[in-house]
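Structure at a glance
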Amino acid sequence: MTTFPSISARQIQKELFPEICGSLLAAIGIHSFALQAAFPMTGFSGIAALFYYLFQIPVGTVILLLNIPVACFCYKLLGKSFFFRSVRCLFFSSLTLDLIAPYFPVYTGDRFLAAICTGVFCGLGYAVIYMSGASTGGMDFITMSVKTKHPHLPLGKIIFLSDTIIVLLGGLILNDIDGIIYGIITSYLSSLVIDKLMYGMDAGKLALIVTEKGDDICQVIDQSSERGCTILTAYGGYSKSEKQVIMCACNNKQMYPLKNAVKNADPASFFIILESNEVIGEGFKTDESKSF
């Protein structure tokens, strides 16, 4: 008798639950808002929507068929684990789109509001799926392959560029100029939500302070914002004198009083403020990379 390995509740939570939730959110965005507003959509969903608009073929079915050649081409680039999890998630999302999403209410109001809701729901859904270590196939396979080759490129921007091309083609085929604008809005919002959810929820500021009063500045920062600092030893390229560089990460609200306190303590200091998309560590976000 053949036995199958048991799946623990923790494994279901880590893998299946986020994939199902993400697929459901994306399916609601597509079916309840985008398809009813009849504007060009992004990714393989956009291509499948064209078949739906023109021939009334279910979107999920077309997505599955389109993914066969892409999956074969991208298999080696994506890795076995990611690939098979993505194929599983692809089936979840396609079945959810064709069988479950039709039971949800459909929005029939303003197309602009529909575009906003589509971008938000799809962005949330895809972000949850990406954070679980999978994708929904299609353009996700292609963009993830690009991300593998060029890891420094932001994922949301890759998706935005590829989806914009599909939106433009869809608008031309449907002869819907307004739809192109709505589709671009959807693509932008979706990529923005993905980047914010994956990288920007814990965004903050990074201060670099060049000074000769390192200990005093650290004390001032601790008093004004209750943040720790790191002192780096530096050497002035022009003055040829030793300096200290204070590095301090804080949230957006803490930066303004921190800057004023430092300038009052050392008016001669050189203050640099940088954007930090994500801060992981004590006092900030804990490392949850193993949570999925």
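Here's what I pulled together on the structure shown here. For every chain, the first residue of the written sequence is number 1, and numbering continues from 1 along that sequence. Where local features are concerned, this predicted model is filtered to residues with pLDDT of at least 70; where side-chain atom pairs are given and counted, the filter is 80 or more; whole-chain, interface and lining totals use all residues. To obtain the side-chain values, all non-hydrogen atoms of the structure were included, while hydrogens and water were left out.

**Remarks on the pattern of salt bridges**
Keep this limit in mind: Only one rule defines a salt bridge in this text: a Lys or Arg side-chain nitrogen within 4 Å of an Asp or Glu carboxyl oxygen. Numbering of helices and strands runs from the N terminus, with a helix taken as a DSSP run of H or I at least four residues long and a strand as a DSSP run of E at least two residues long. The buried label applies to any residue whose accessible area, calculated with a 1.4 Å probe on protein chains only, is under 20% of its type's maximum; exposed applies above 50%, and partly exposed to all values in between.
Per the stated rule, a full pass over the model turns up five salt bridges. Two residues, R85 and E19, come together in a salt bridge whose shortest N-O distance is 3.2 Å. Linking R85 in helix 4 (residues 80–100) with E19 in helix 1 (residues 9–37), this pair joins segments that are 66 residues apart in sequence. Note on R85: relative accessible area 13%, which makes it buried. Ionic pairing is found between E19 and R88, a salt bridge with its closest N-O pair at 2.9 Å. You can see E19 sitting in helix 1 and its partner R88 sitting in helix 4, a full 69 residues away along the chain. Connected via shared salt-bridge partners are E19, R85 and R88.

**Quick notes on the environment of L232**
Definition in use: In what follows, residue pairs with any heavy atoms lying within 4.5 Å of each other are defined as contacts.
Tracing the backbone through its elements, the reader meets L232 in strand 2 (residues 230–235). Separated by 14 residues in the primary sequence, L232 and I246 have C-alpha atoms spaced 6.3 Å apart. In this view, L232 contacts K243, Q244 and V245; residues no more than four positions away in its chain are not counted.

**Structural notes on the nonpolar core**
Basically, it comes down to this: Buried Ala, Val, Leu, Ile, Met, Phe, Trp, Tyr and Cys residues form a nonpolar core when they are joined through side-chain atoms within 4.5 Å.
Judged by nonpolar contacts, the single largest core of 28 residues is most densely connected at I30, L35, F39, M41 and Y126. For this core, the secondary structure elements donating two or more residues are helix 1, helix 2 (43–55), helix 3 (59–78), helix 4, helix 5 (111–131) and helix 8 (177–200). Broken down by element, this core gets its largest block of residues, eight residues, from helix 1. The residues touching Y126, leaving out its near neighbours within four places in the chain, are A26, I30, S45, T136, S190 and I194. C218, M255, V262 and F271 belong to the second largest nonpolar core, which has 12 residues in total.

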